[in-house]
Amino acid sequence: MAKGIIGRLTDRGFGFIKTEQQGDLFFHRSELEGVEFNNLREGQEVEFEKGQGRDGRPCAVKVKLAGTENSQAEAETETETETETETKTETKTEDSGEAA
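Residues numbered from 1 in each chain as written. Predicted model: local features only at pLDDT ≥ 70, side-chain atom pairs only at ≥ 80, totals over all residues. Heavy atoms only, no water.

**So, the nonpolar core**
Counting residues in each nonpolar core, the largest one holds 13 residues, and the members touching the most others are Ile17, Phe27, Leu32, Leu40, Ala60 and Val63. Of all the secondary structure elements, the ones that give two or more residues to this core are β3 (23-28), β4 (45-52) and β5 (58-65). Among the elements that make up this core, the one with the highest residue count is β5 (3 residues). Leu32 has contacts with Phe27, Phe37, Leu40 and Val63, leaving out every residue within four places of it along the chain. (Core = buried A, V, L, I, M, F, W, Y, C linked by side-chain atoms within 4.5 Å. Buried < 20%, exposed > 50% of the residue type's maximum accessible area, 1.4 Å probe, protein only. Helix = DSSP H or I, 4+ residues; strand = E, 2+ residues; numbered from the N terminus. Contact = heavy atoms within 4.5 Å.)

**Remarks on the layout of surface pockets**
Roughly 420 Å³ of volume is contained in the largest pocket. At 5 residues, the largest contribution of residues to the lining of the largest pocket is made by β3. Classifying every residue of the lining of the largest pocket by side-chain character gives 8 nonpolar, 3 polar and 5 charged. (1 Å grid on protein atoms, 1.4 Å probe; cavity = no way out; pocket = protein on both sides within 12 Å on 5 of 7 lines; lining within 4 Å. Points joined across faces, edges and corners; volume = space filled by probe spheres on them. Nonpolar A, V, L, I, M, F, W, Y, C, P; charged D, E, K, R; others polar.)

**Things to note about the pairing of β5**
Both β4 and β5 contribute to a ladder of 6 bridges, which runs antiparallel. Within β5, the residue paired with Lys50 across the bridge is Ala60. Taking the residues between adjacent antiparallel strands as the criterion, β4 and β5 are bridged by 5 residues, where Gly56 takes a positive phi near 90°. (Pairing = 2+ DSSP bridges.)

**Side note on the pattern of salt bridges**
Taken as a whole and assessed by the stated rule, the structure comprises 3 salt bridges. Measuring nitrogen to oxygen at the nearest pair gives 3.9 Å for the salt bridge that ties Glu49 to Lys62. Taken together, the positions of Glu49 in strand β4 and Lys62 in strand β5 put the pair 13 residues apart, joining distant regions of the chain. What makes Lys62 partly exposed here is its relative accessible area of 38%. (Salt bridge = Lys/Arg side-chain N within 4 Å of Asp/Glu carboxyl O.)

**Re the side chain of Thr10**
Relative to the helices and strands, Thr10 is located in the loop between β1 (2-9) and β2 (14-19). The buried category is assigned to Thr10, whose relative accessible area is 16%. Only 3.2 Å separates the side chain of Thr10 from the backbone nitrogen of Arg12, close enough to count as a polar contact. A polar contact is formed between the side chain of Thr10 and the backbone oxygen of Phe14, at a distance of 2.9 Å. (Polar contact = N/O pair within 3.5 Å; in protein donor to acceptor, adjacent residues only side chain to side chain.)

**Things to note about the pairing of β4**
By the bridge criterion, 4 bridges tie β1 to β4 in an arrangement that is antiparallel. Following the sheet pairing, Gly4 is matched in β4 by Val46.

**With respect to the environment of Arg12**
On the secondary structure map, Arg12 appears in the loop between β1 and β2. Residues Arg12 and His28, 16 residues apart in the sequence, show an inter-C-alpha distance of 9.3 Å.

**Focus: the packing of aromatic side chains**
Enumeration over the complete set of coordinates arrives at 4 aromatic pairs. Look at Phe16 and Phe26: their rings are 5.9 Å apart centre to centre, the planes differ by 70°, and that puts the pair in the edge-to-face class. With Phe16 in strand β2 and Phe26 in strand β3, the pair connects residues that are 10 residues apart, well separated along the chain. Overall, the relative accessible area of 31% leaves Phe26 in the partly exposed class. Every member of this aromatic cluster is reached through a ring pair, and the members are Phe14, Phe16 and Phe26. (Phe/Tyr/Trp six-rings, centres within 6.5 Å; stacked < 30°, edge-to-face > 60°.)

Written out as structure tokens, the structure is:
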């Protein structure tokens, strides 16, 4: 499988993968395997196969996070940790009487 880095994500359910060989490749959320679109972050390394879009242009298919089978769990844990940190910060601010 080819590898690349997520270069850009949109709020419309698609993104672009930066690759050395093919340049930027389009991918749609329906082509993701083992990860939810909402758990993806720009800069993450992904593996994919090169396919052809409806318009005939090259695109990425069978897109999944690179690395171990636990990559999705790691992404979800990272998101949960960020949320917990934000919650703790908000709680500290409220307890100290400062305006948020």
